Amino acid sequence: MCNKLVIYSCLILFFSYALNAETILLNENKDSLNLGKQIEYLILPKSESNLSKVLSESANWQTNTNETMHFPSEKNPVWFKLILEHTGKQAETFYLLFSSPVIDRYELFYQSKNKWVNMLAGEQIFMKEKSLFSHIPAFPLILYPGEIKILYIKIESENPLFSFISIHNSKSFLSYSKMNDIFFAAYFGAGGMMFFYSLFLSYSLRYRQFFFYFFYLGSVILVTLFSTGFIQYIEIGNSHTWKNYLFPLSIYITGIFGLLFTAEFLDLENQGEKHYKFTKIMIGIMLLLMPSILFIDIRTYIDTAITMVIIPILWGIYLAMYAILKDPRKSENYLFFFALGSMLVGAAINVTTIQGWVIPLTAATYSLPMGSAVMIMLLAVALMLRVSDFRKEHE
């Protein structure tokens, strides 16, 4: 009778456990798997957000209903639970990958040989403390055939909490990492060359549009360093807290120089006085918002900066359309329109996947830097055409 009770109790525990958490089946032949809807999450107050509380029976785990991890307004740490089972025939190193490198801290826990293993990743973590020496937030996990691992991941950040979550076998992860490095090496290499070239032109020609383009380009590259995670290789002092302040400030600077460049390039002072005044008002608002970092919390400051930077892009597109309608013969106005349009398309692809409106795409990881790269190239060509016209007028 006693043995039957024990068996029934074990079965009840097993089935209740299986209903509460979906086991993710892996094998060495499966390249990758998106885990958005296969994870559970738990949100606890910061003071109670610890592993012992997470492991307690009172923990109220909920199933994630999005294709992505998406908690943009949550200020408390968020915990995630994954159950992995290796169904293959040989040992394999799998990599749990998060797409957002701007999140401050990822902390992973799992039990091995009756001991808790702890691994770290994220923007606020020093390279020497990470499980991988990389800007990519990923965790290596060795699984043997038939092994089951329960993972607990704690995520906290001053930046909005969103990320694609996927798991890869070794071959798939190395391929992803290699493609990531090649793409961004080309991006930052080309961006760096354009940066110094625009500096040379602005100094030699003394043409004001080039000065604004130079500073705008520099601020775009700085923002991209943050959004891609490459800023993590720059380590100054004993803390990375300064990055949480520099990131939104760089966004504001991008918006300000973007507006200045737009006004100068489209000659708003002479071609559209009302538009020029409105542009100056937006620049003034951004300048006034920058010191607000002294009075409001960093999360609100970052959210405000991200929202505000969309306005100059939309305003620039409108002004480009206005310039095209006013003088449809100038090809540089078309280039200006498509330049800002490419940036908007890149941002739209990224946002729709982050929100979980569409299935996470690999392209979403590169859409923002790709959009900014196309924008920089088209603006440079437009500037060359404008300089050519300028020289013809004054020769």
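Figured I'd write up the structure that's included with this text. (Residues numbered from 1 in each chain as written. Predicted model: local features only at pLDDT ≥ 70, side-chain atom pairs only at ≥ 80, totals over all residues. Heavy atoms only, no water.)

Here we come to the overall build of the protein chain. Scanning the protein chain for helices and strands turns up 10 helices and 13 strands. With 395 residues in all, the protein chain has 49% of them scored as buried. About 20200 Å² of surface is accessible on the protein chain, with carbon and sulfur atoms providing 64% of the total. (Helix = DSSP H or I, 4+ residues; strand = E, 2+ residues; numbered from the N terminus. Buried < 20%, exposed > 50% of the residue type's maximum accessible area, 1.4 Å probe, protein only. Areas by Shrake-Rupley, 256 points an atom, 1.4 Å probe, with all protein chains shown as cover.)

The subject of this paragraph is the packing of helix α4 (residues 208-228) against helix α5 (residues 241-265). Between α4 and α5, the shortest axis-to-axis distance is 8 Å and the interhelical angle comes to 150°. Between α4 and α5, the crossing angle belongs to the class labelled roughly antiparallel. Judged by the sense of rotation from one axis to the other, the crossing of α4 with α5 is left-handed. (Axes fitted to C-alpha atoms, helices over the stretch in contact; angles between N-to-C directions. Parallel < 35°, antiparallel > 145°, perpendicular 65-115°, else oblique. Left-handed = near helix turned anticlockwise from the far one by under 90°.)

The subject of this paragraph is the nonpolar core. Formed by 64 residues in total, the largest nonpolar core has its most connected members in Tyr213, Phe261, Phe336, Met375 and Leu379. Elements supplying a minimum of two residues to this core: β7 (92-98), α3 (170-205), α4, α5, α7 (273-289), α8 (298-326), α9 (331-354) and α10 (362-394). Per-element accounting of this core gives the leading share, 11 residues, to α8. Setting aside residues up to four positions removed in sequence, methionine 375 forms contacts with Tyr216, Val220, Ala339, Leu340, Ser342 and Met343. (Core = buried A, V, L, I, M, F, W, Y, C linked by side-chain atoms within 4.5 Å. Contact = heavy atoms within 4.5 Å.)

Residues Tyr197, Phe200 and Met384 make up a contiguous nonpolar surface patch of about 310 Å² in total accessible area. With respect to the helices and strands, the residue tyrosine 197 is situated in helix α3. Classification of tyrosine 197 as partly exposed rests on a relative accessible area of 41%. (Patch = residues over 30% accessible without salt bridge, like charges linked within 9 Å, V, L, I, M, F, W, Y side chains within 5 Å. Salt bridge = Lys/Arg side-chain N within 4 Å of Asp/Glu carboxyl O.)

Moving on, we get to the side chain of histidine 240. Mapping histidine 240 onto the fold places it in the loop between α4 and α5. Reaching out from histidine 240, the side chain makes a polar contact with the backbone oxygen of glutamate 123 at a distance of 3.0 Å. Not counting chain neighbours up to four residues away, the residues in contact with histidine 240 comprise Glu123, Gln124, Ile125, Phe126, Ile234 and Glu235. (Polar contact = N/O pair within 3.5 Å; in protein donor to acceptor, adjacent residues only side chain to side chain.)

Close contact between α7 and α8 brings their axes to 11 Å; oriented N to C, the two are set at 165°. In terms of their interaxial angle, α7 and α8 are classed as roughly antiparallel. The hand of the α7/α8 crossing is left-handed. In contact with His275, Phe278, Thr279, Met282, Ile285, Met286 and Leu289 of α7, α8 contributes Tyr301, Thr304, Met308, Val309, Ile311, Pro312, Trp315, Tyr318, Leu319 and Tyr322. Split into classes, the residues belonging to the contact of α7 with α8 amount to 14 nonpolar, three polar and no charged. (Nonpolar A, V, L, I, M, F, W, Y, C, P; charged D, E, K, R; others polar.)

Taking 1.5 Å of rise per residue, 36 residues should cover 52 Å, and α3 covers 52 Å from first to last C-alpha, within 8% of that figure. Following α3 by one or two positions, arginine 206 has its phi on the positive side, about 55°. (Expected span 1.5 Å × (residues − 1).)

For strand β6 (residues 78-86), a buried count of eight out of nine residues is recorded, marking the element as mostly surrounded by other parts of the structure. Inspection of the sheet shows strand β1 (residues 23-26) paired to β6 by four bridges, in the parallel sense. Counted as the bridge partner of isoleucine 24 is leucine 84 from β6. Looking at chain direction, strand β3 (residues 40-43) and β6 are connected through four bridges and run antiparallel. Note that in β6 the partner of isoleucine 43 across the bridge is valine 78. Note: β6 against strand β11 (residues 148-156), eight bridges, orientation antiparallel. Within β11, the residue paired with leucine 82 across the bridge is leucine 151. (Pairing = 2+ DSSP bridges.)

To continue, consider the sheet that holds strand β13 (residues 165-168). With respect to topology, four strands assemble into an open sheet ordered β2-β13-β7-β10, the strand pairing being antiparallel. Unpaired on one side and paired on the other, β2 (32-34) and β10 (138-143) mark the two borders of the sheet. Going from strand to strand, the sheet's axes swing by 20° on average, the running direction of each strand aside. Along the sheet face, α3 touches β2, β7, β10 and β13 and points at about 45° away from the line of β7.

The next point concerns the side chain of serine 166. Relative to the elements of secondary structure, serine 166 occurs in strand β13. Filtering out sequence-adjacent residues up to four positions away, serine 166 remains in contact with Leu33, Asn34, Leu35, Tyr95, Leu96 and Leu97.

On to unusual backbone geometry. Non-glycine residue lysine 113 carries a positive phi angle of around 55°. By the secondary structure assignment, lysine 113 is in the loop between β8 (105-112) and β9 (115-121). Classification of lysine 113 by relative accessible area gives exposed; the value is 78%. Residue aspartate 267 is not a glycine yet carries a positive backbone phi of 55°. The residue aspartate 267 is located in the loop between α5 and α6 (268-271) in this model.

Glancing now at the environment of tyrosine 144. Tracing the sequence through the fold places tyrosine 144 in the loop between β10 and β11. Once you skip the residues sitting within four places of it in the chain, tyrosine 144 turns out to touch His86 and Ala91.

What follows is about the pattern of salt bridges. Counted by the stated rule, this structure contains six salt bridges. Note that lysine 75 is salt-bridged to aspartate 297, the shortest N-O span being 3.6 Å. Of this pair, lysine 75 sits in the loop between β5 (69-71) and β6 while aspartate 297 is found in the loop between α7 and α8, placing the two residues 222 residues apart along the sequence. For aspartate 297, a relative accessible area of 36% puts it in the partly exposed group. Of the charged contacts, one joins glutamate 156 and lysine 154 as a salt bridge, the two residues approaching to 3.8 Å between their closest N and O atoms. Judged on exposure class, the residue glutamate 156 and its partner lysine 154 are both buried.

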